[in-house]
Amino acid sequence: MPEADNEGKNFYEGTPQKGKLFFLKGSNELDWGMKNRLSRIFNPKDGRTVMLAIDHGYFQGPTTGLERVDVSILPLVPEADTLMCTRGILRTVVPPSVTIPVVIRASGGPSILKELSNEEIAMDMEDCIRLGVCATAIQVFIGGEFESRSVVNMTRLVDAGLRYGIPTLAVTAVGKELVRNAQYFRLATRICAELGAQYVKTYYVEEGFETVTASCPVPIVIAGGKKRPELDALKMAYNAIRQGAAGVDMGRNIFQSDSPTGMMKAVNAIVHGNETPEKAFDLYQTIKNSGS
């Protein structure tokens, strides 16, 4: 039998219940489940994330450094806040015991042998739920041959995500014929945010990047892009964070480095530790010289 006195006594009548604004830019009105997933992608302590991107194979096959994900990538996963991959790699290689959040590549179609902007949504939202992912990712080709299709694909993925509380990451793709400057990225990121993406992945530019982050009403993470010298990559990450980015999503600058573990730790030192590029590079070299 329940106890006779089963009702509480102290109701703190003089203390009003207060709610806190959500820590991520532009996300305060989202549903609880979507905020919870975003809180796993972005560290609530500083609002930042280090994403490890290994989804390159969905259009260009076994990229250098990704020939054997089980050998080269799995040791790096504990150093990342978030893993960005495809469902094929997730199911065949990544152990279910991995507990960091996963952002799943949900678009696809053409390979590097064809027109890349001719993508479609390539994954059902129910499968995202089965896999327990925290967000979906889709390319948006502003200015590309199939620009409208890619934008509409993103809106459809946003709609599906809203039904189930799964955020959408819009990835602003840049073709060889498009100019990479702040004006273009202001346009591309703003379109993605205006049409519902909960956060956006884009490229860093040295001139005017702060105007890109300022004019985008949702968080921006920067793409690592092509492989560059380690110190240059660390300087890019540092400058992007200082100019308003909420994180970095690096792939080739991690797994094609001479010390992938060293670069993971160095990037973390910048994003979460507010370290300078020079000190982060010293950390990278120390780990590299130790043979890690």
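Going by the structure above, here's the rest.
Residues numbered from 1 in each chain as written. Predicted model: local features only at pLDDT ≥ 70, side-chain atom pairs only at ≥ 80, totals over all residues. Heavy atoms only, no water.

(A) Structural detail: helix H9 (residues 230-242). With 13 residues, H9 ought to run about 18 Å at 1.5 Å a step, and its terminal C-alpha atoms sit 18 Å apart, in line with that. Regarding H9, the residues found buried are Glu-230, Ala-233, Leu-234, Met-236, Ala-237, Ala-240 and Ile-241. Take H9 and look down its axis: the buried residues cluster within an arc of 155°, on one side only. (Helix = DSSP H or I, 4+ residues; strand = E, 2+ residues; numbered from the N terminus. Expected span 1.5 Å × (residues − 1). Buried < 20%, exposed > 50% of the residue type's maximum accessible area, 1.4 Å probe, protein only. Arc of directions from axis to C-beta.)

(B) Highlighting the environment of Cys-85. Its place among the elements puts Cys-85 in strand S2 (residues 82-85). By relative accessible area, Cys-85 is classed as buried at 0%. Along the sequence, Cys-85 and Phe-141 sit 56 residues apart, while their C-alpha atoms lie 20 Å from each other. Those residues within four positions of Cys-85 in sequence are excluded, and the remaining contacts are Ile-54, Asp-55, Leu-90, Val-102, Val-103, Ile-104 and Arg-105. (Contact = heavy atoms within 4.5 Å.)

(C) How the structure looks around the packing of H9 against helix H12 (residues 277-289). The geometry of H9 relative to H12 is characterised by a closest axis approach of 9 Å and an angle of 135° between their N-to-C directions. Between H9 and H12, the angle is such that the two are oblique. Of the two possible hands of crossing, H9 and H12 adopt the one that is right-handed. On H12, the residues that touch Glu-230, Leu-231, Leu-234, Lys-235 and Tyr-238 of H9 are Pro-277, Glu-278, Ala-280, Phe-281 and Tyr-284. Split into classes, the residues belonging to the contact of H9 with H12 amount to seven nonpolar, no polar and three charged. (Axes fitted to C-alpha atoms, helices over the stretch in contact; angles between N-to-C directions. Parallel < 35°, antiparallel > 145°, perpendicular 65-115°, else oblique. Left-handed = near helix turned anticlockwise from the far one by under 90°. Nonpolar A, V, L, I, M, F, W, Y, C, P; charged D, E, K, R; others polar.)

(D) How the structure looks around the sheet that holds S2. The sheet built from eight strands closes into a barrel, its strands ordered S1-S2-S3-S6-S7-S8-S9-S10 with parallel pairing. Between one strand and the next, the sheet's axes are offset by a mean angle of 25°, whatever the strand orientation. Examined bridge by bridge, strand S9 (residues 220-223) and strand S10 (residues 247-250) share three bridges and lie parallel to one another. Within the sheet, the bridge partner assigned to Val-221 lies in S10 and is Gly-247. In this fold helix H1 (residues 32-41) packs onto strand S1 (49-53), S2, strand S3 (102-105), strand S6 (135-140) and strand S8 (199-202), with an angle of close to 35° to the strand it touches most, S8. Packed on one face of the sheet, H9 meets S9 and S10 and runs near 150° to S10. (Pairing = 2+ DSSP bridges.)

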